[in-house]
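# Structural features, examined
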Amino acid sequence: QFFRIGAFVSARSNFHHHIRYEKERGHKLVTTGVYAISRHPSYFGWFWWSIGTQVLLANPFCLVFYFVVSWIFFAKRIDQEERTLVYIFGKAYTEYKKKVGIYIPFISQRRIIMSSLGKGLNSDSDEDESNADD
């Protein structure tokens, strides 16, 4: 929950629950606060909170289920958001990606995994995949 609240506080008016496809007036790239630790701290926080609750409850079925469902949701959402952020902020976001990871397991390898599942999440090649997402 710390990372989710930290995302709201750090981003202030730049935080939205819906992906913005165009740069809005006053929209800035936030790279400080929890955004200096994770590119998507709200997603990071929610993912690990949902997994952690199932570990604490000792619920192996829901642990696996939450992991898979959450991962699929965030892999798709982050892919879409990353493309949009590169479009809006260009080189500034590309440089930020090189320095700060996402820290949700296998998100950096999602193209390989989704291709092997036949989902085709990311059909065209983006710039580098060499970021600290492991």
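This report concerns the structure included in the present document.

The next thing to look at is the overall build of the protein chain. The helix and strand tally for the protein chain stands at 5 helices and 0 strands. In the protein chain, the order of α-helices and β-strands from amino to carboxyl end is α-α-α-α-α. Within the span of the protein chain, comprising 134 residues, buried residues form 43% of the whole. Here the analysis covers contacts within the protein chain between residues at least 6 apart in sequence; of these, 75% occur between residues at least 24 apart. If you sum the accessible surface of the protein chain, you get close to 8,000 Å²; carbon and sulfur atoms cover 62% of it.

Moving on to the packing of helix α2 (residues 41–56) against helix α3 (residues 60–89). Between α2 and α3, the shortest axis-to-axis distance is 9 Å and the interhelical angle comes to 175°. When the axis of α2 is compared with that of α3, the two are roughly antiparallel. Contacts from Tyr43, Trp46, Phe47, Ser50, Ile51, Gln54 and Val55 of α2 reach α3 at Cys62, Leu63, Tyr66, Phe67, Ser70, Trp71, Phe74, Arg77, Ile78 and Glu81. Residues of the contact of α2 with α3, tallied by class, amount to 12 nonpolar, 3 polar and 2 charged.

For the structure shown, the criterion picks out 8 aromatic pairs. For the ring pair phenylalanine 47 and tryptophan 48, a centre distance of 5.1 Å and an interplane angle of 85° mean the geometry is edge-to-face. Accessibility expressed as a relative area gives 0% for phenylalanine 47, which makes it buried. The rings of Tyr43, Trp46, Phe73 and Phe74 are connected pair by pair, giving a single aromatic cluster.

In this model, tyrosine 103 sits at a positive phi of 70°, which is unusual for a non-glycine residue. Mapping tyrosine 103 onto the fold places it in the loop between α4 (91–99) and α5 (110–116). The phi dihedral of phenylalanine 106 falls on the positive side, at around 70°, and the residue is not glycine. Mapping phenylalanine 106 onto the fold places it in the loop between α4 and α5.

Right, let's get into the packing of α3 against α4. In contact at an axis separation of 6 Å, α3 and α4 are set at 130° when each is read in the N-to-C sense. Looking at the two axes, α3 sits oblique to α4. Counting all contacts with α3, which are made through Glu82, Leu85, Val86 and Phe89, the residues of α4 involved are Lys91, Ala92, Tyr93, Thr94 and Lys97. Looking at the contact of α3 with α4 residue by residue, the class counts come to 5 nonpolar, 1 polar and 3 charged.

Calculation rules
Residues numbered from 1 in each chain as written. Predicted model: local features only at pLDDT ≥ 70, side-chain atom pairs only at ≥ 80, totals over all residues. Heavy atoms only, no water. Helix = DSSP H or I, 4+ residues; strand = E, 2+ residues; numbered from the N terminus. Buried < 20%, exposed > 50% of the residue type's maximum accessible area, 1.4 Å probe, protein only. Contact = heavy atoms within 4.5 Å. Areas by Shrake-Rupley, 256 points an atom, 1.4 Å probe, with all protein chains shown as cover. Axes fitted to C-alpha atoms, helices over the stretch in contact; angles between N-to-C directions. Parallel < 35°, antiparallel > 145°, perpendicular 65-115°, else oblique. Nonpolar A, V, L, I, M, F, W, Y, C, P; charged D, E, K, R; others polar. Phe/Tyr/Trp six-rings, centres within 6.5 Å; stacked < 30°, edge-to-face > 60°.

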